Structures are given as C-alpha cells and as structure tokens.
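Residues per chain, in single letters:
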Amino acid sequence: MKLVAVGRLKAGPELTLFERYAARLRPAMSVHEVPAARGSVVEQKRREAAALLSACPDNAFVVVLDEGGRVYDSPSFSRAMTNWQGTGRPIHFLIGGAEGLERSVLERADAVMSFGSMTWPHMLVRIMLAEQVFRAQAIATNHPYHKNSRPD
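Residues numbered from 1 in each chain as written. Predicted model: local features only at pLDDT ≥ 70, side-chain atom pairs only at ≥ 80, totals over all residues. Heavy atoms only, no water.

As recorded in an unreviewed UniProt entry, the chain goes by Ribosomal RNA large subunit methyltransferase H and comes from Neokomagataea anthophila. Of the chain, the UniProt comment under Subunit (unreviewed entry) reads exactly: "Homodimer." UniProt, in its Catalytic activity (unreviewed entry) section for the chain, records the words "pseudouridine(1915) in 23S rRNA + S-adenosyl-L-methionine = N(3)-methylpseudouridine(1915) in 23S rRNA + S-adenosyl-L-homocysteine + H(+)". (UniProt positions renumbered as here; feature names shortened; annotations may be inferred.)

Here is the structure:
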C-alpha cells in the first residue's frame, strides 16, 4: 500500500501523528512524495499529475482523494478496502497539490473518495487517510478500536 502525495510533510506534530497511524497498518503504507510544481495553475496541475501517475505502476489500484469523490462512512470504507485488497493489485492513494488535480489523474483512478465537501489541508488529509485505513482494518478484523455507538 502506498500514499503518493504532492508536497513534503516536514518534522512536526502532523508527521508524528501520521507515523503513529501508518505504523499500525498491515500491510505497511509507504509514502512517495512528489514536489509541488511551479508555474501557471495549468502547468502546476500538469506537472504534478505526471509525477503522481508516474509513481503508480500499471497494475496499481489507484484511489484518488478528491472533493468530488464518494464520501464513505467507516464501515463502508472498510468494505471497499477489503474489496480493493481482494483485487490483488497494490493500492496507491493519491493526494494532489494546492491547485487540485488534473483530469488525467481522475481518469486513471479506479476509485475516487472524499473526506467531505470542506477543504482540508493536504497534510491533515494524510493523517485522516492513515487513521481511516487503520480503522477500516480494525473493522474488518472485529478489533474494538472502532466504536459503533451512535444513539438510536
């Protein structure tokens, strides 16, 4: 499992929290960071798209995080993760840069998911993704980490 993201997560509380969840994942989640591009918005998106896609082998199951993607609750995300892993293809999660994604990235995606319609800082999205993948694995193995105790 790999996270491919635009930008570099520097030392600090965000990196510490990401590493806390990523260390719990099985299989482990490796991280491939691509530099944020410069130039016009169109040029930034083009360069970042090329870098993101070049980090994904042809057989990768590509999950793109995008505002327009499907919003999962935790149990349905767990089921989706189980299905994605069942393909036998390596899962690659892609997070774009500050200007968003070029259409070519969305067209390559096998799945597009969203953490809602609010705009989240890209560095927090990494943490949220790692935690939700851990939660999905906990749900799939009936581990008590996930609590389903909403009022009736």
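This part is about the packing of helix α3 (residues 74–86) against helix α5 (residues 122–140). Packing of α3 against α5 brings their axes to within 8 Å, and their N-to-C directions diverge by 85°. Relative to α5, the element α3 lies roughly perpendicular. Taking contact as the criterion, the partners of S74, P75, F77, S78, M81, T82 and Q85 in α3 are, on α5, Q132, V133, R135, A136, Q137, I139 and A140. (Axes fitted to C-alpha atoms, helices over the stretch in contact; angles between N-to-C directions. Helix = DSSP H or I, 4+ residues; strand = E, 2+ residues; numbered from the N terminus. Parallel < 35°, antiparallel > 145°, perpendicular 65-115°, else oblique. Contact = heavy atoms within 4.5 Å.)

On to the nonpolar core, then. Among the nonpolar cores identified, the biggest contains 30 residues, and M29, F77, M81, W84, F93 and V133 are the most heavily contacted of them. Only β1 (2–6), α1 (13–22), β3 (61–71), α3, β4 (91–95), β5 (111–114) and α5 provide two or more residues apiece to this core. Ignoring anything within four residues of it in the chain, the contact list for W84 reads F61, V63, Y72, F77, R89, I91, F93 and A111. Among the nonpolar cores identified, the runner-up in size contains 14 residues, and V34, A60, L94 and A109 belong to it. (Core = buried A, V, L, I, M, F, W, Y, C linked by side-chain atoms within 4.5 Å. Buried < 20%, exposed > 50% of the residue type's maximum accessible area, 1.4 Å probe, protein only.)

Ring pairs (aromatic) are described by centroid distance and by the angle formed between their planes. This structure, assessed with the given rule, holds 6 aromatic pairs. Aromatic pair Y21 and F134: ring centres 6.5 Å apart, planes at 45°, arrangement tilted. Remark: F134 occurs in helix α5 and Y21 occurs in helix α1; sequence separation between them is 113 residues. In this structure F134 comes out as buried when scored by relative accessible area, which is 12%. A centroid spacing of 6.0 Å and a plane angle of 75° characterise the contact between F77 and W84, whose relative ring orientation is edge-to-face. F77 gets classed as buried once you look at its relative accessible area, which sits at 2%. Chaining the aromatic ring pairs together yields one cluster made of F61, Y72, F77, W84 and F93. Against the face of Y21 rests R20, its NZ or CZ located 5.5 Å from the ring centre. Looking at R24, its charged tip hangs above the ring of F134, at a distance of 5.1 Å from the centre. (Phe/Tyr/Trp six-rings, centres within 6.5 Å; stacked < 30°, edge-to-face > 60°. Lys NZ or Arg CZ within 6 Å of the ring centre and 35° of its normal.)

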